[in-house]
Amino acid sequence: MLRVGRAVACMACKNLVSNNMGVRFRMPLQKLHPLSRAIHHRYNASANPQRPPHCSAARHFTSMSRLPMRPPKPPPGHGGWRYQQHRNFWMLRLASRLLKLRYIVLGSAVGGGYTAKKTYEEWKDMLPDMSAYNWVIPDFVWELSDHIDLDKLTKILPELEEIAKLLPELPDFDKIGENFTFLKSILSTGVSVGSEGASGLRLLLEAPGDTPVKAATEAPVTAKPEASDKQFKKSSDKEKVDQLQEELLRTQMKYQRMLERLEKENKDLRKVMLQKDEKGIHQRKIKVCKSLIDMYSEVLDILSDFDSNYNTQDHLPRVVVVGDQSAGKTSVLEMIAQARIFPRGSGEMMTRSPVKVTLSEGPHHVAMFKDSSREFDLGKEEDLAALRHEIELRMRKSVKEGQTVSPETISLSVKGPGIQRMVLVDLPGVISTVTAGMAADTKETIFSISKNYMQNPNAIILCIQDGSVDAERSIVTDLVSQMDPQGKRTIFVLTKVDLAEKNLASPNRIQQIVEGKLFPMKALGYFAVVTGKGSAGESIDSIKDYEEDFFQNSRLLKDGMLKAHQVTTKNLSLAVSDCFWKMVRESVEQQADAFKASRFNLETEWKNNYPRLRELDRNELFEKAKNEILDEVISLSQVTPKHWEAILQKKLWERVSTHVIENIYLPAAQTMNSGTFNTTVDIKLKQWTDKQLPHKALEVAWETLQEEFARFMAEYKGKDQDDIFDKLKEAVKDESIKRHKWNERAMDSLRVIQHNALEDRSITDKPQWDAAIQFMEETLQARLKDTDSVINDMVGPDWKQRWMSWKNRSPEQHTRNETRNELERLLKLHEDHTAYLANDEVTTVRKNLEGRGVEVDPALIKDTWHQLYRRHFLQKALQHCNLCRRGFYYYQRHFVDSELECNDVVLFWRIQRMLLITANTLRQQLTNTEVRRLEKNVKEVLEDFGEDNERKVHLITGRRVQLAEDLKKVREIQEKLEAFIEALHKEK
């Protein structure tokens, strides 16, 4: 009788638990919740005699467990020494206590009330908070009161008298009767009857679907052996299994629909709450405080640019999305981000560089790049198209010329209601063959990028496998197996399951894949997803609907090949997010300690090598150099006008003196009279002024400005300047000079000024005449010296140098020396010879040399003659210059009644005056305009250099700079990690 009673009382529980939990095996009663076990069998002590009766889970949190133990009273009849001592004064003691009774009663009431309240509060605090586990119970459980008729279930149960007639020989029928009456009372009321155990039974009874209820209602009826045997014979085992699977599938789908509906409502409510928080009293706090995932993403961005020699590697977790090309990994990431944010392509490589996507929750569905302030509204199709175009442009820009993929990371953040918080990195798809148009090393580069991300021991590998192709063609599974042999951080995702089910002859192959039996690769979990029908215009909502409809009607779930938690991208994103944050909590403090040690090493190196220098990073050094350069440019305005004019006049004459002597003075000096001389000079000066002179003058002025700028920079360098700025200053100077363009109007005005200066022939006083004589003499002497040097180089050392310095002439020098001697004899015979030799004279000289056994070329004769005649002319011009020192008187009389003609002195005076006026004009142009324009150019160049990080890295280099950069980054990483850890602990 006892066994039958147990069967009646427990069969309903077992059936209800089995169907409610969606499992295919029977759950033993011992694994039920302790509360439920205590309610169903609180009077049953015969099941396990050795075990003490089971108590409720609330037993350990009662107020009695907190009360202090009272000392045991002495046995009756045994008085203590205190009793013996005061036995003669008991009347007095009784009277005194009675007098204080009212105080005792009042104090006990107050103290007892306070103690009871305190004990009650402590008891409440000790109870565990079970609200965090409400998600374990499906949402439709709370709606089952509308689907289960408890009164009908109560009527189906047999009466106690019927059970007594069927089983009259039960020994403990009274206890069984109490239990059965208790069960019927609970079913009839549907609420608790004064104990927490009734709520546990209610939880077990409120299960989804109709199958558990039927099992519970049919459980008492199964007490009749004849009825149960007939029912068992009518249905076969196969039909039962099919029926149970269909019921299970319907229950799961019903749960899924309810869950999605509630999630949608929750998503809308959270959006409204976040919007209110932004507009309400928490607006300032939300703006100041960053979200946890944003703080973590900033740390990853800094680490992506960090490179140190102290072996502090980046081991912070992130989700690395890898897969074969066109396997659907980008589509999976878009489903997780809930937006079509990546460029689309049909079979071609679209992901050309790693894309780091930081997912977080927010009131609006927006996306933003790390280095941009523009927000893309993902709810608008035009913003989505602009975002995809921007990502494609950034990818192509990051790829260097001649390459197909790039290791540079593009950082993007996506926020929206209901998005799971995590950091994912989408990598280029793994390829097996390099096709036309790709670089030869594309395959190796993709493998290198993938390994670089996957070798992080805390990286979560999201391995994407295309389910529509043969599994044997996959490359990524072998790569993932190499990087994570034990599968401790790998999640396998099978995409395009709809095509796989349609194309595969044996769907069991999909089951083998998701169970990890087909690949040698191991993984934490296996998921099967559908990411659309392959159309680029599909929206995320339509893809979700299609995915849900497919799995609802798929044989994979009906036949039990896939479990409900293994399908849909929703379950995948939840699992990946949980795994991501678990890995973050386990590893972030270890990474913070590693960077703390690295910081100590770097600070120690700085103290030992640069004890008296501040830790200035590259940007701070650039700002310091920028201020120094601007100070040097301002110093140009302090140059005196006299210094400017002297430098300009000297440099301009050095630039034009050759043209004046060779093309103006020498041709004019060959004329026979002063009128022809002046005419020739005027014509050639006019041509020179119109074509060359203004341009040459501006070139001289610009070069002078550059040299003065460089001189000031060099002088400033001596004032304890840091050598680390030399390359930067040189680059700024060159770039500023390259960008500087002289005012074009200045050339036209300068041409007029120079032309007017050269037309003036009136020397007003004797000092000007003497200055012109001195200028002419210095010029001629310098030219004569240069000509003598050229002739000496042509003919070689003379007899004194050959004896004293042991030098010999070369055969060419010997030939030129013989030619010089022959031409000098010709000049002695004809001192007034013209500047050019006639052909017969060249022939005569050549024959004379051949007579002495010297073979000479006519071109060599003419070249030697040019230098000899030049020296001859300059010597005569110097003699004439000495004669003209006293010729100012004759000049004033226009050389009337005088054989002396000093027109060459007037020419040099005109040239000298033109130089003075030109230098003065250029000086004004420099000080008033060009110095300011140069300063403006320098500022623009410095601003451009400040925005170009690559140029700054190239121009400001050295171990000191790199050490300061590493120190800055390590400190920043450590501070952000500590702030993130603090926020992480607060969130816990």
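Nothing here was measured: the structure is a model prediction, and the numbers come from that model.

(A) Spatial organisation of the overall build of the protein chain. In terms of helices and strands, the protein chain carries 38 helices and 9 strands. When the 988 residues of the protein chain are sorted by exposure, 42% land in the buried category. In the protein chain, the share of contacts with a sequence separation of at least 24, taken over all contacts with a separation of at least 6, comes to 79%. Accessible surface, the protein chain: about 56800 Å² in total, of which carbon and sulfur atoms supply 52%.

(B) Representation of the packing of helix α17 (residues 442-454) against helix α18 (residues 476-483). Where α17 meets α18, the closest approach of the two axes is 10 Å, and the angle between their N-to-C directions is 40°. By the angle between their axes, α17 is oblique relative to α18. In terms of crossing hand, the pair formed by α17 and α18 is right-handed. Where α17 abuts α18, its residues F447, S450, K451 and M454 lie against L479, V480, Q482 and M483. For the contact of α17 with α18, the class distribution of residues is 5 nonpolar, 2 polar and 1 charged.

(C) The arrangement of the sheet that holds strand β4 (residues 376-377) in detail. In spatial order, the strands read β4-β3-β5-β2-β6-β1-β7-β8-β9; together these 9 strands make up an open sheet with mixed pairing. Each end of this open sheet is capped by a strand with a single partner; those strands are β4 and β9 (525-528). Both strand β7 (residues 460-466) and strand β8 (residues 490-495) contribute to a ladder of 6 bridges, which runs parallel. Note that in β8 the partner of D466 across the bridge is T495. Strands β1 (319-323), β7 and β8 of the sheet are contacted by α18, whose axis makes an angle of about 160° with β7.

(D) Structural detail: helix α33 (residues 839-851). In this model, α33 (13 residues) spans 18 Å end to end at C-alpha, consistent with the 18 Å of a helix rising 1.5 Å per residue. Residues of α33 that are buried include every one of V842, V845 and L849, and no others. Relative to the axis of α33, the buried residues are bounded by an arc of 65° and lie together on one face. Set apart from the buried face of α33 by more than 90 degrees, the exposed residues are N839, D840, K847 and G851. Lining the buried residues of α33 we find α32 (811-829) and α34 (858-883). A positive backbone phi angle near 85° is found at G853, which sits one or two residues after α33.

(E) Looking closely at unusual backbone geometry. We note that K496 has phi near 55°; this positive angle belongs to a residue other than glycine. Here K496 is to be found in the loop between β8 and α19 (497-503). For K496, a relative accessible area of 23% translates into the label partly exposed.

(F) Just the pairing of β8, in detail. Taken across its 6 residues, β8 has 6 buried, putting it largely inside the fold. In β8, alternate side chains face the same way, and those of T490, F492 and L494 on one face and I491, V493 and T495 on the other are all buried. A crossover links β7 with its parallel partner β8, the connecting element being α18, and its sense is right-handed. As paired elements, β8 and β9 share 4 bridges and run parallel to each other. Pairing of V493 across the sheet is with F527, part of β9.

(G) Representation of the state of the cysteines within the structure. All chains considered together, the criterion is met by 1 disulfide. Counting only cysteine sulfurs, C884 is the nearest neighbor of C881, a cysteine outside any disulfide, at a range of 6.9 Å. Taking relative accessible area as the criterion, C881 reaches 0% and is therefore assigned buried.

(H) Just the packing of aromatic side chains, in detail. Evaluation of the coordinates by the stated rule reveals 16 aromatic pairs. On the basis of an interplanar angle of 35° and a centroid distance of 5.3 Å, the ring pair of W769 and Y891 is categorised as tilted. With W769 in helix α30 (residues 766-795) and Y891 in helix α35 (residues 888-892), this pair connects stretches of sequence that are 122 residues apart. Aromatic rings pair up to connect W653, Y665, F775, F873 and F908 into one cluster. Its end group placed over the ring of F369, R394 keeps NZ or CZ at 4.0 Å from the ring centre. One cation-aromatic arrangement involves K952 over F622; the distance from NZ or CZ to the ring centre is 5.5 Å.

(I) Structural detail: the packing of helix α14 (residues 292-304) against helix α38 (residues 959-987). At a minimum axis separation of 9 Å, α14 and α38 run at an interaxial angle of 160°. Accordingly, the angle class assigned to the pair α14 and α38 is roughly antiparallel. The hand of the α14/α38 crossing is left-handed. Contacts between α14 and α38 involve L292, M295, Y296, E298, V299, I302 and L303 from the former and K969, E972, I973, K976, L977, A979, F980, A983, L984 and E987 from the latter. Counted by class, the contact of α14 with α38 contains 12 nonpolar, no polar and 5 charged residues.

(J) Representation of the pattern of salt bridges in the model. On inspection of all chains with the given rule, the structure shows 46 salt bridges. When the shortest N-O distance is used, the salt bridge between R655 and E703 registers 2.6 Å. Note that R655 is positioned in helix α25 (residues 641-669) and E703 in helix α27 (residues 693-717), a separation of 48 residues in sequence. With relative accessibility at 31%, the residue E703 sits in the partly exposed group. Through salt bridges with shared partners, a single network forms among R599, E603, E615 and R971.

(K) Quick peek at α25. Between its first and last C-alpha, α25 extends only 36 Å over 29 residues, short of the 42 Å set by a 1.5 Å rise per residue. The axis of α25 is deflected most strongly, by about 45°, at V656.

(L) The arrangement of the confidence of the model for the protein chain in detail. In this model, the protein chain carries a mean pLDDT of 76, and residues with pLDDT of at least 70 account for 70%. This stretch, residues 190-234, has a pLDDT under 50; its non-local contacts, to residues over four places away or in other chains, come to 70 contacts.

Quick notes on the rules
- Residues numbered from 1 in each chain as written.
- Predicted model: local features only at pLDDT ≥ 70, side-chain atom pairs only at ≥ 80, totals over all residues.
- Heavy atoms only, no water.
- Helix = DSSP H or I, 4+ residues; strand = E, 2+ residues; numbered from the N terminus.
- Buried < 20%, exposed > 50% of the residue type's maximum accessible area, 1.4 Å probe, protein only.
- Contact = heavy atoms within 4.5 Å.
- Areas by Shrake-Rupley, 256 points an atom, 1.4 Å probe, with all protein chains shown as cover.
- Axes fitted to C-alpha atoms, helices over the stretch in contact; angles between N-to-C directions.
- Parallel < 35°, antiparallel > 145°, perpendicular 65-115°, else oblique.
- Left-handed = near helix turned anticlockwise from the far one by under 90°.
- Nonpolar A, V, L, I, M, F, W, Y, C, P; charged D, E, K, R; others polar.
- Pairing = 2+ DSSP bridges.
- Expected span 1.5 Å × (residues − 1).
- Arc of directions from axis to C-beta.
- Right-handed = clockwise from strand over helix to strand, strands pointing away.
- Disulfide = S-S within 2.5 Å.
- Phe/Tyr/Trp six-rings, centres within 6.5 Å; stacked < 30°, edge-to-face > 60°.
- Lys NZ or Arg CZ within 6 Å of the ring centre and 35° of its normal.
- Salt bridge = Lys/Arg side-chain N within 4 Å of Asp/Glu carboxyl O.
- Bend = angle between axes of the 7 residues up to and from the residue.
- pLDDT = per-residue confidence, 0-100.

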